[in-house]
Amino acid sequence: MVTPRCVRKCSLCFRRRAPLPGSLGMLRAARGGVRLLLPARGGGAAEGRGGPVPGLAPGLAPAPPARVCLSPQRCLQRRLLQQAPPPAARPAVGRWLLACSGAVAGAVVLGGVTRLTESGLSMVDWHLVKEMKPPRTQQEWEAEFQKYQQFPEFKILNHDMTLTEFKFIWYMEYSHRMWGRVVGLAYILPAAYFWKKGWLSRPMKGCVLALCGLVCFQGLLGWYMVKSGLEEKPDSYDIPRVSQYRLAAHLGSALVLYSASLWTGLSLLLPRHKLPETHQLLRLRQYAHGTTALIFLTALSGAFVAGLDAGLVYNSFPKMGERWIPDDLLAFSPMLRNIFENPTTVQFDHRILGIASVTAVTALFLFSRKIPLPRRTRMAVTSLLAVACMQVGLGISTLLLYVPTPLAATHQSGSLALLSVSLWLMSELRRVPK
């Protein structure tokens, strides 16, 4: 007997039927109109429901009823439902990813404060487990302070620093590193739990693996950045600081991790709006994507401003000094070096990107007024404009007041808030899959 493939491999929707008499029995599927030709078992007809069937040899048991899959499509649907995560998995995984994005945001803000207080080079060693225990006795603190005294930051910048002052900057860097370890555990441990429980679909497993790998890479990249500030540079008379390239890479990877976690969490928690796919909606979606990319680039350029202390070069607005375009904008040679190494050019670029970002957000808000949008989407657009205006105000105030640490840290936090609201708007404008 030849059994259809879905009958051989699926046992979810079998129905039992009495065999039909004759050498060949014809069964019609309840759905799909599929005809299956099945030979009768036992060489003849089996006993039916109404009594003995003629032609059946005495003493022979009737053939077991044939098992027939009435709908291959139903088999496939039930098999997929059986393999899918339980209904409670999506909100649980979504809330976990939102919590992880919040932890990453805390690490970014704490790292910015560490940079503003010039505390990042106070810990000259990196150990995954050993450095988790801070110094406790006076001898341990003096030994840690002696190690710090062997590196350029103490010799050039902090040669008159006391042990009490060293403890402050050491604890700042220690807090940042320990928070990074908490972020790593917040990703890896729940990911292993959800994986074991079967709450992750196949695409989500790949996404979770990528996020956990990025967390580990972020920690290694942080130490690679710190090493650049501990190196001896005999030919340089500049203040010892980490490389602005490595600082930008460290911040950029943190922003990617934050954005990916927040986007995935919002995608799992917020239902998609069934919006009509009009030409105006398509343009609004494209504008939202472009505005988010511009906001991300502006936040990344802030890493070069922080790495070069470019916020202390020209503390006036809207002009830079007495000019709209300063004289030393292209002072370095070759010209491409100015974009990443000239503090004047770095500040000028950050200003232009900031103005372009708030202009793009304003244009996006005005264009969205012409399109009927759901209440939650309209709230996201309005919030984006409000946060953008607040961020511009914080940036100008930070510049005019010569970069005070609390205001500068608030400005950096505002960049994360602006990026978050733009990602929320993108999530509201997602296309409903067909």
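Note that the structure is a prediction, hence the values are computed from the model and not measured.

About the criteria used
- Residues numbered from 1 in each chain as written.
- Predicted model: local features only at pLDDT ≥ 70, side-chain atom pairs only at ≥ 80, totals over all residues.
- Heavy atoms only, no water.
- Helix = DSSP H or I, 4+ residues; strand = E, 2+ residues; numbered from the N terminus.
- Buried < 20%, exposed > 50% of the residue type's maximum accessible area, 1.4 Å probe, protein only.
- Contact = heavy atoms within 4.5 Å.
- Areas by Shrake-Rupley, 256 points an atom, 1.4 Å probe, with all protein chains shown as cover.
- pLDDT = per-residue confidence, 0-100.
- Salt bridge = Lys/Arg side-chain N within 4 Å of Asp/Glu carboxyl O.
- Patch = residues over 30% accessible without salt bridge, like charges linked within 9 Å, V, L, I, M, F, W, Y side chains within 5 Å.
- Phe/Tyr/Trp six-rings, centres within 6.5 Å; stacked < 30°, edge-to-face > 60°.
- Lys NZ or Arg CZ within 6 Å of the ring centre and 35° of its normal.
- Core = buried A, V, L, I, M, F, W, Y, C linked by side-chain atoms within 4.5 Å.
- Expected span 1.5 Å × (residues − 1).

**Student:** Help me out: how do you make sense of the overall build of the chain in this one?
**Tutor:** Helix and strand content of the chain: 13 helices and four strands. Classification of the 434 residues of the chain by burial places 42% in the buried group. Long-range contacts, defined as pairs at least 24 residues apart, comprise 75% of the intrachain contacts of the chain with a sequence gap of at least 6. Accessible surface, the chain as shown: approximately 24,100 Å² in total, 64% of it carbon and sulfur.

**Student:** How should the confidence of the model for the chain be read in this particular structure?
**Tutor:** It should be kept in mind that the predicted coordinates are not to be read in detail where pLDDT is low. With 78% of its residues at a pLDDT of at least 70, the chain reaches an overall mean of 83. Within the model, pLDDT remains below 50 along residues 1–50, and this stretch shows 90 contacts once partners closer than five positions in the same chain are excluded.

**Student:** Looking at this structure, how should I read the pattern of salt bridges?
**Tutor:** Note that side chains of opposite charge can pair when their charged atoms are close. Per the stated rule, a full pass over the model turns up eleven salt bridges. Residues Arg 285 and Glu 277 are paired through a salt bridge, measuring 3.3 Å at the closest nitrogen-oxygen approach. According to the relative accessible area criterion, Arg 285 is buried, its value standing at 6%. Residues Arg 337 and Glu 341 are paired through a salt bridge, measuring 2.9 Å at the closest nitrogen-oxygen approach. Taken together, the residues span about one helical turn, with Arg 337 and Glu 341 both in helix H10 (residues 337–341) at a distance of four residues. Under the relative-accessibility criterion, Glu 341 is labelled partly exposed at 25%. The network of salt bridges with shared partners includes Arg 115, Arg 241 and Asp 309.

**Student:** Can you help me understand a nonpolar patch on the surface in this one?
**Tutor:** On the surface, Trp 126, Leu 128, Val 129, Met 132 and Leu 220 cluster together into a nonpolar patch covering about 490 Å² of accessible area. Along the polypeptide, Met 132 turns up in the loop between helix H3 (89–116) and helix H4 (138–148). We classify Met 132 as partly exposed; its relative accessible area is 36%.

**Student:** For this particular structure, what's the right way to read the environment of Gly 222?
**Tutor:** Its place among the elements puts Gly 222 in helix H7 (residues 202–230). On the basis of relative accessibility, which here comes to 12%, the residue Gly 222 falls in the buried class. Linking Gly 222 and His 250, residues 28 residues apart in sequence, is a C-alpha distance of 6.1 Å.

**Student:** Is there a simple way to think about the packing of aromatic side chains in this case?
**Tutor:** Aromatic rings considered in pairs are described by the distance between their centres and by the relative angle of their planes. Counted under the stated rule, the structure contains 18 aromatic pairs. Summarising the aromatic geometry, the rings of Phe 145 and Phe 154 are spaced 5.9 Å apart at their centres and angled 85° between planes, so their arrangement reads as edge-to-face. Residue classification places Phe 145 among the buried positions, given a relative accessible area of 9%. The exposure class assigned to Phe 154 is buried, which follows from its relative accessible area of 12%. Where Phe 194 meets Trp 199, the ring centres are 5.8 Å apart and the plane angle is 15°; that geometry is what we call stacked. Taken together, the ring pairs connect Trp 141, Phe 145, Tyr 148, Phe 154, Phe 166, Trp 170, Tyr 171 and Tyr 174 into an aromatic cluster. In this arrangement the basic side chain of Arg 246 is found over the ring face of Tyr 224, its NZ or CZ atom lying 3.7 Å from the centre.

**Student:** It is not clear to me how the side chain of Gln 391 should be interpreted in this structure. Could you clarify?
**Tutor:** Tracing the chain through its elements places Gln 391 in helix H12 (residues 375–400). Judged by its relative accessible area of 10%, Gln 391 is buried. In this structure Gln 391 touches His 411, Gly 414 and Ser 415, once residues within four positions along its chain are discounted.

**Student:** What is the right way to read the nonpolar core from this model?
**Tutor:** Side chains of a nonpolar character, in soluble globular proteins, are inclined to be buried together. Counting 70 residues, the largest nonpolar core has Val 93, Trp 96, Tyr 187, Leu 384 and Leu 425 as the members making the most contacts within it. Ignoring sequence-local partners within four residues, the contact set of Trp 96 consists of Ala 186, Tyr 187, Pro 190, Ala 191, Phe 194 and Val 208. Of all hydrophobic cores here, the second largest spans twelve residues; its members include Trp 141, Ile 169, Trp 170 and Tyr 174.

**Student:** So what exactly am I meant to see when it comes to helix H9 (residues 279–307) here?
**Tutor:** Spacing of three or four residues puts side chains on the same side of an α-helix, whose turn is 3.6 residues. Under the 1.5 Å per step criterion, the end-to-end length of H9 is 43 Å for 29 residues, consistent within 8% with the ideal 42 Å. Asp 309 sits one or two positions beyond H9 and adopts a positive phi of about 55°.

**Student:** Hey, could you run me through unusual backbone geometry in this one?
**Tutor:** A negative phi angle characterises most non-glycine residues, just as the trans form characterises most peptide bonds. Cis geometry is adopted by the peptide bond preceding Pro 318, which originates at Phe 317 and carries an omega value of 5°. Positioned with a positive phi, Asp 309 is a non-glycine residue whose angle comes to about 55°. On the secondary structure map, Asp 309 appears in the loop between H9 and H10. A relative accessible area of 26% places Asp 309 in the partly exposed class.

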